[in-house]
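In case you want the letters, here they are:
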Amino acid sequence: MLLTERERLREELIALADQFGRQRSSLMPILQEVERRHFRISEYCMQVIADLLDLHPVEVHSVVSFYSFLDESPRGQFVIRLCRTITCEMAGKDHVARQLENDLGITFGQTTPDGKFTLQWANCLGMCDQGPALLVNDQIFTRVTPERVHGILQECRQTFGVHAVAGAKER
Amino acid sequence: MKDDLVNQRVRAPKSQTVRTVEAIQYAKARGETVTLTVDGNPVEVPLGTTVLEAARKLGIRIPTLCYHDDLCLAGVCRVCVVEVVGQRTLQAACSYPITAPIEVRTHSPHVRRARRHIIDLLLSEHYGECYTCNRSVGCELQALAMEYGVDFFRFGRLARPRYEIDASSHSVVRDMNKCVLCRRCIRTCIDLQEVGVLEAIGRGNRTKVSTFLDKPLADVICINCGQCINRCPTGALRANDPTDDVWAAIDDPSKHVVIQTAPSPRAAIGECFGLPPGKALTFELNTALRRCGFDKVFDTNFAADLTIVEEGTELLLRLKRALAEGDKSVALPQFTSCSPGWVKYIEHFYPDYLDHVSSAKSPQQMFGALLKTYYAETNRLDPRDVVTVALMPCSAKKFECNRPEMCASGYKDIDYGLTTRELAKMIREAGVDLPRMPKSEFDDPFGTATGSGVIFGATGGVMEAAIRTVLELVTGTKIEDLYEHADVMPVRGFDGARYAELPIRAVGPVPPLVENLFADWDWLRGATLKVGVCHGTANAMKVMENIKAGGRFSQCHFIEFMACPGGCLGGGGQPTPTNPEIRAARANAIYAEDRSYEVRKAHENPAVVEVYRRFLTGGPCGPKSHKLLHTHYTPRGKYIA
Amino acid sequence: MTSPTTMGKLTFDAVSPGVGLKAALAQPAAAVLDRIAASGLRGRGGAGFPTSVKWSMAAEADEADKYVVCNADEGEPGTFKDRVILSEFADLVFEGMTIAARVIAARKGIVYLRAEYSYLRRHLESALASRREEGLLGKRIGGKEGFDFDIEIHMGSGSYVCGEETALIESLEGHRGEPRNRPPFPIDTGYLGHPTIVNNVETFAWVVCILEKGAEWFKSHGTVKSTGHKLFSVSGDCSRPGVYEFPMGITVAELLEEVGGQGAKAVQVGGASGQCVPASQSDRTIAYEDVPTGGSIIIFGPKRDMLEVARNFLEFFVDESCGQCTPCREGVPKLLEGVQMLQQGACSMAYLKELCSLGETMRLASKCGLGQSAPNAFVSIARDFQDEILGRTGFGRRNGSDG
C-alpha cells in the first residue's frame with residue numbers, strides 16, 4: 001500500500017473514531033463500518049483502530065476473528081450467505097449450493113477472482129418457513145431454487161455499478 | 001501512593017474476568033460474612049469469597065486448571081466445578097462468589113463424572129508427547145489425569161500435531177499442540193503485564209491462542225518477559241533452550257567456557273530439586289557447575305556492582321547538568337536499564353522516552369564485555385575461544401544477548417543465556433545432586449561481590465543498591481549511619497509502584513573514583529532525592545502514564561523498572577509454579593544473602609576498584625567504559641510491520 | 001420479496017401503540033411491576049425467567065445509569081417470530097422497552113439486532129424517529145417530567161451465542177461474544193458495569209398487551225406456570241408453516257393439527273438447543289414446565305433421517321460455540337463425531353452411552369446456556385430413535401464383506 005493511501009485510511013479511521021467515540025464499546029460499530037466500506041478489516045486498519053481505542057492489535061484481531069460477519073481477508077463486494085440450517089436443508093439447500101458453486105466457479109468460503117462474489121454458509125437466517133434462504137449483503141432471498149440462482153447473480157451484477165462507489169478503495 | 005495511580009489512564013475494560021474480580025472485591029469490602037457448608041463442614045467467610053477460597057480455608061482440595069493466584073478469574077476450564085445444592089447446573093468453584101448460606105458438594109457423583117469427562121476432553125485435544133515434553137512431571141494436566149485415574153483415552157487422542165511450533169523468538173517457544181486453552185497466558189500478557197501479544201483467535205473448536213494475525217512471536221511486540229511460560233500449565237510455552245550448544249562448548253577442549261550466576265536463580269534452583277522455596281544454593285551451585293565442566297564460575301554480582309557504579313555515576317552526571325548547570329534538556333528521571341523485558345517494553349510502548357533509560361548495559365552484558373576483553377587479555381586467552389554463559393532467571397536475557405549492538409568488543413558479549421530451569425536440567429543430566437553438593441567459592445578475579453549485587457534480584461533492589469552507593473559517594477557518610485544495617489527500607493516491599501524521598505542533608509568531599517567528573521557536591525546540599533520503584537510492566541505502564549501526565553513520578557530523579565512481578569526473582573526463567581508466597585520466600589532468601597556479606601556497597605567491591613584501576617582507566621562513564629559497558633536503544637514503536 | 005408469514009390473527013394486531021404506555025405512566029412504577037407480576041409473564045426467549053422478578057431486581061439497584069436491552073439476536077434455528085414482530089409490530093417492542101425503562105428507571109435502551117436482520121434496521125430507525133416526534137421517546141416522555149429515555153440500535157456481527165444475555169453484553173461492550181461468569185448477573189453488573197435488563201423482543205411486546213388488556217386477561221390463557229399466549233415459528237414438514245399465536249400449554253398434537261403437520265415422525269421444540277419430541281409423545285405440552293421453547297417448532301415428516309437432523313444441529317453448535325469452556329468447545333465435536341460414527345455404523349452401544357453421559361456433563365458443567373443445551377437434540381434423538389439410528393451398517397460391512 002502506498003504511504004499516502006495509508007494516510008488517507010488513517011484519516012478515515014480517525015473520523016470514524018471521532019464519530020463513534022473512542023471507548024471500547026465503539027469497537028464493533030467501527031469494525032462494522034470498515035467492513036462495509038472496504039469489504040475487509042485489513043492488518044493496518046486493525047492496528048490503527050487498536051491505537052485509536054487504546055487496545056492491543058491482537059485484541060482487535062481477536063474480536064474480528066470471533067464474528068462471522070467480520071473478515072480479515074478481502075471478501076467480495078457481494079457476500080452470498082446460504083442458510084444451512086435444518087429447515088433450509090430439508091427444503092433443498094444442497095441443490096442451491098451446488099448451483100451457486102457452478103455459476104460462480106468457486107466453492108464455499110472462496111471469493112471469485114474478480115472480487116465480486118464471496119460464497120459463505122450462514123447459520124439460520126430466520127426464514128425457516130420460506131427456505132431455502134440466502135442473504136446477499138443485506139438483501140434476503142427466500143424459496144430459492146437452483147433455477148433462480150442465475151437471476152439473483154444477474155441482479156447483483158446489475159446493481160454492481162451502483163454499489164461499487166464505496167468499493168475498490170482498498171483491495 | 002497507589003491511589004495516585006488508579007485511573008491514571010482510562011483504559012477500555014479488558015477481559016470480562018477483571019470485572020468479576022472487582023465485583024467480588026466490592027462485596028468483600030462490605031465486610032459482611034456468611035456461613036456456608038462445604039461437604040458438610042461449616043465455614044464462615046466474608047461475603048463474596050469464592051467457593052474455591054472457602055474450600056481451601058477448610059483444607060478441602062478442589063482441582064483447578066485455568067485458575068491462577070496471580071491472575072484474574074476466567075472460569076473457562078470447568079475442572080473446578082462443584083455442586084451448589086439447589087442450582088440446576090454445576091458451578092465453577094474458582095469464580096462462584098458466595099452471597100448466601102449455600103451448601104456445596106465438592107465430589108458428588110455428578111461432579112466426579114464431570115471432572116473426569118472434562119479431563120478426558122482436554123486430553124483428546126492435547127498432543128501429549130509426555131516422554132519428550134519438557135514439562136513432563138511438572139505438567140498440571142498430567143497431574144490432573146493422574147489424580148482422576150485416567151487410564152485410557154475415552155474420547156480418542158491426536159495422532160499427529162496440528163500446528164507448527166513457533167521457535168522464532170530467542171526467548172519464548174510456542175507449541176500450540178499442547179495448549180489446553182486455559183487462557184492463563186492471555187490473562188498474563190494482557191492483564192498482568194499489559195503487553196497484549198496473546199489473545200484467543202477464532203471461535204468454537206477452532207479457537208486458539210495466537211498472536212496478531214498469527215505472526216511469529218519474534219515479529220510482534222513481545223517483550224520476552226516469559227511470564228506466560230511461568231503460568232502455562234502444560235508444555236505449550238517454554239523458553240528457547242540453548243543447552244545443547246552449551247554442552248557442545250563444554251565438550252570442545254579448545255573452548256574456555258565461563259558461566260556467571262545471578263542471585264535470583266541461586267535462590268530458586270533448589271525448587272527444581274524438591275527443596276522448598278527460599279533456600280539459596282549459591283555455593284553448592286558453584287561445585288555443581290564445575291562438575292558439569294564449566295571452566296570458571298563467576299558471580300554476576302560483580303557486574304551488578306559495576307552497573308551500580310556506572311549507572312549511579314550517570315545519574316549524578318545527569319543531576320549535575322540539571323541542578324548545577326540548569327540544563328533543562330536533561331532527561332530526568334533516569335530509568336534503570338537492567339531488565340531486558342522492560343527495555344523492550346519501553347522501546348515498543350514509550351519510544352519517546354528512550355533518552356531517560358540509563359545507557360549502562362545490564363550486569364549480564366557488562367560482564368560479558370569484560371570477559372571477552374579484560375579477562376581474555378589478562379589470562380592470555382583468544383576472545384574467540386572464550387564462551388560466555390549466563391545463568392539468569394530470565395527469558396528476555398536470551399533476546400538481550402542476541403541484540404546486534406551487544407558486541408562492542410567485536411565479539412558477542414554473552415554467547416548463551418540459560419534459565420534456572422535449563423541449568424537444573426543440565427545439572428541433573430550430569431548426574432549431580434545439587435542440594436548435596438559441598439559448598440565452594442566463586443573463581444577469581446570476579447568472585448568477590450557485595451550485598452548490593454545480590455539484592456538486584458528483588459524489586460527495589462537496584463534502587464537500594466544505587467542509593468547505598470550514591471548517598472555514600474555524595475555525603476561521605478557511611479550508609480549504615482543513615483539507614484540501619486544499610487537496609488533502605490523505604491524502597492523495599494511488593495507494592496506494584498512505590499515512591500520514596502531521601503533527603504541529602506550534608507555533603508562530603510568528592511571521592512577519588514569520580515573526582516575527574518565532579519569538583520564538589522555543593523549543588524546537592526539540602527536536595528531531596530526522589531526515587532520510584534515498580535515491577536511488572538502493567539505497573540510500569542501506570543508509572544509511565546503518570547510521568548506523561550506530569551504526576552508525582554515525573555518529579556522523580558531515578559526510577560527502577562522491572563518487567564517481572566516481584567523483580568528478577570519472579571522472572572520468566574524461574575522454576576514453576578509461581579505465586580506471591582513463592583516469590584516472597586525467594587525475596588527473603590535474597591535479602592538474607594545480602595545480610596551475610598561483609599561488604600554491602602557496590603563501590604567498595606575490591607574487584608570493581610581493581611577493574612577501574614587496571615582496565616577501565618577512564619573511570620566510571622569514561623571513554624573505555626562507554627565503549628564496552630554502555631549501549632543504545634532502538635525506538636521500535638507499537639506498529640507491527 | 002418475503003411473503004407474509006403470520007398465520008391467523010395475532011393479539012398484537014389489535015393492540016394500539018400508546019395505550020399501554022399511557023397506562024404505565026398513569027400509575028407508579030411499582031404498580032406497573034405488580035401488574036406484570038400478576039400476569040405471570042415469563043421471558044419469551046426460551047429460558048422463561050419471570051420478567052417481573054428481573055425487572056424488580058434491576059429497579060431496586062441504586063444506580064443512576066441503568067440499561068434496557070432488547071435481545072433481537074434471534075439465531076435459534078427454526079425461530080423467526082422476532083423478525084416478524086420487528087417488521088410488523090416494532091412499535092410494541094419499543095413501547096415495551098419504554099415501559100421497562102419507566103419501571104427500572106433507565107435512561108437508555110439498546111436493541112441488539114443480529115447482523116442477518118440488517119435489512120430491518122432502516123425500518124426500525126424510522127419507527128424510532130416517529131416515536132421521538134410523537135414524544136414517546138426522548139425527553140419528558142408523555143409529558144412526564146424527569147422521564148427521559150431513548151433507544152439506539154446496535155448491530156450484531158454474526159454470532160449465535162450473542163443471544164445469551166451476558167455474551168450479548170460483552171458484544172455490546174466491544175468484546176468477543178463470550179458469556180460471563182454468573183454471578184454477578186446483568187441486573188446487578190450489566191452493560192458497562194451498570195444494572196441492565198435483557199429481554200426478548202416478544203417479551204417487550206407482551207408487556208404492552210398486559211398493560212392494555214390487564215394481567216387477568218393474560219393469565220386466563222395458558223397454564224398455571226406458563227401463562228398467556230406465545231408466538232411460535234413453525235417450519236419443516238407441514239402444510240402451513242409460519243408464525244402462529246397459541247396459548248402456552250398447547251400439546252404437540254394440537255399444534256401439529258393447527259399447522260397441518262399431522263403424520264409427523266417427530267417435532268423439534270425449541271430449535272437446535274431444544275428437545276426432539278417423537279410422535280409417540282405428542283401429548284406432551286409446550287410449556288416451561290414440560291417442553292420449553294423460545295418459539296421454534298420444526299416438524300419432521302416420516303421420511304426424515306433423524307441422524308441427519310442431529311448432525312445438522314451439532315454442526316451448527318460446532319460452528320457457533322464460543323470456544324471458551326471445555327465441555328462445550330470439545331464436547332460438541334465429540335458428539336458430532338459420534339453421529340458420523342453412527343452414520344457409518346461404527347459406533348458401539350457402549351460408546352453411544354458414553355456420549356449420552358458426556359451430554360449430561362455438558363448440560364451440567366458448561367459455562368452458559370449454549371453449552372448446556374447443545375447436547376439436548378443429540379441425547380433425545382439417541383434416546384427416542386434408537387431403532388432408527390443403530391445398526392446402520394454392520395461392523396465390517398462397510399468394506400463390502402458381509403461379516
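1. Re the interface of chain C and chain A
Each side of the interface is counted separately: chain C has 53 residues, and chain A has 35 residues. Approximately 3400 Å² of surface area, both sides summed, lies buried where chain C meets chain A, with 56% of it carried by carbon and sulfur atoms. The tally of links between chain C and chain A comes to three salt bridges. D319 of chain C is paired through a salt bridge with R84 of chain A; the nearest N and O atoms lie 2.9 Å apart. Taken together, the elements giving at least two residues each to the side of chain C that touches chain A come down to β3 (150–155), α8 (165–172), β5 (229–236), β11 (296–300) and α12 (306–320) of chain C. The greatest single-element share of the side of chain C that touches chain A, amounting to eight residues, is contributed by α12 of chain C. Split into classes, the residues belonging to the side of chain C that touches chain A amount to 20 nonpolar, 20 polar and 13 charged.

2. Describing a nonpolar patch on the surface
On the surface, F49, V53 and M57 of chain C cluster together into a nonpolar patch covering about 230 Å² of accessible area. For M57 of chain C, a relative accessible area of 33% puts it in the partly exposed group.

3. Digging into the pairing of β3 of chain C
Residues and elements named next belong to chain C. The pairing of strand β2 (residues 108–113) with β3 spans six bridges and is classified as parallel. In the sheet register, K108 faces β3, and the bridge partner there is D150. A crossover links β2 with its parallel partner β3, the connecting element being helix α7 (residues 121–133), and its sense is right-handed.

4. Section: the pattern of salt bridges
Two side chains that carry opposite charge are able to pair once their charged atoms sit near each other. All names here are of chain B. Throughout the structure, instances matching the rule amount to 93 salt bridges over all chains. The closest approach of N and O atoms between R492 and D487, which form a salt bridge, is 3.0 Å. Residue classification places R492 among the buried positions, given a relative accessible area of 14%. By relative accessible area, D487 is classed as buried at 10%.

5. A few points about the sheet that holds strand β16 (residues 528–535) of chain B
Residue and element names in this part refer to chain B. Strands sit in the order β12-β17-β16-β15 across an open sheet of four strands; the sheet is mixed. Edge strands, defined here as strands with exactly one partner in the open sheet, are β12 (334–335) and β15 (497–503). With two bridges connecting them, β12 and strand β17 (residues 558–562) associate as parallel partners. When the sheet's bridge partners are listed, Q334 is paired in β17 with F558. Helix α17 (residues 461–475) rests against β15, β16 and β17 of the sheet, and its axis sits at about 150° to β17. Each of β12, β15, β16 and β17 touches helix α19 (residues 537–548); the most contacted strand, β17, lies at about 150° to it.

6. A word on the domain arrangement of chain B
Residue and element names in this part refer to chain B. Per the domain assignment, the segments of chain B are domain 1 (2–107), domain 2 (119–239), domain 3 (243–302 + 364–436) and domain 4 (315–361 + 448–577 + 593–640). Relative to domain 3, the C-alpha centre of domain 2 lies at a distance of 28 Å. Between domain 2 and domain 3, the contact holds nine residues from the first and eight residues from the second. Across the domain 2/domain 3 interface, buried area totals approximately 680 Å², and carbon plus sulfur atoms make up 52% of it. Together, H170, N224 and A239 form the three largest contributors to the area buried by domain 2 at its contact with domain 3, with a combined 65%. Inspection of the domain 2/domain 3 interface yields zero salt bridges. Grouping the constituent residues of the side of domain 2 that touches domain 3 by class yields four nonpolar, five polar and no charged.

7. Let's talk about the domain arrangement of chain C
Accessible area lost when the parts come together is the quantity often used to give the size of an interface. All names here are of chain C. Per the domain assignment, the segments of chain C are domain 1 (11–219), domain 2 (229–300) and domain 3 (306–390). Distance from the C-alpha centre of domain 2 to the C-alpha centre of domain 3: 22 Å. With 12 residues of domain 2 at the interface, the matching set in domain 3 holds 13 residues. Regarding the contact of domain 2 and domain 3, the summed buried area is about 990 Å², with carbon and sulfur atoms giving 67% of it. With a shortest N-O distance of 2.9 Å, E388 and K265 are connected by a salt bridge. Applying the counting rule to domain 2 against domain 3 returns three residue pairs in polar contact (both at pLDDT 80 or more). Those elements giving two or more residues to the side of domain 2 that touches domain 3 turn out to be β8 (266–269), β9 (275–278) and β11. Top contributing element to the side of domain 2 that touches domain 3 by residue count: β9, with three residues. The class makeup of the residues in the side of domain 2 that touches domain 3 is six nonpolar, five polar and one charged.

About the cut-offs
- Residues numbered from 1 in each chain as written.
- Chains lettered and ligands numbered in written order.
- Predicted model: local features only at pLDDT ≥ 70, side-chain atom pairs only at ≥ 80, totals over all residues.
- Heavy atoms only, no water.
- Contact = heavy atoms within 4.5 Å.
- Buried area = accessible area lost by both parts, 1.4 Å probe.
- Salt bridge = Lys/Arg side-chain N within 4 Å of Asp/Glu carboxyl O.
- Helix = DSSP H or I, 4+ residues; strand = E, 2+ residues; numbered from the N terminus.
- Nonpolar A, V, L, I, M, F, W, Y, C, P; charged D, E, K, R; others polar.
- Patch = residues over 30% accessible without salt bridge, like charges linked within 9 Å, V, L, I, M, F, W, Y side chains within 5 Å.
- Areas by Shrake-Rupley, 256 points an atom, 1.4 Å probe, with all protein chains shown as cover.
- Buried < 20%, exposed > 50% of the residue type's maximum accessible area, 1.4 Å probe, protein only.
- Pairing = 2+ DSSP bridges.
- Right-handed = clockwise from strand over helix to strand, strands pointing away.
- Axes fitted to C-alpha atoms, helices over the stretch in contact; angles between N-to-C directions.
- Domains from an automatic or database assignment.
- Polar contact = N/O pair within 3.5 Å; in protein donor to acceptor, adjacent residues only side chain to side chain.

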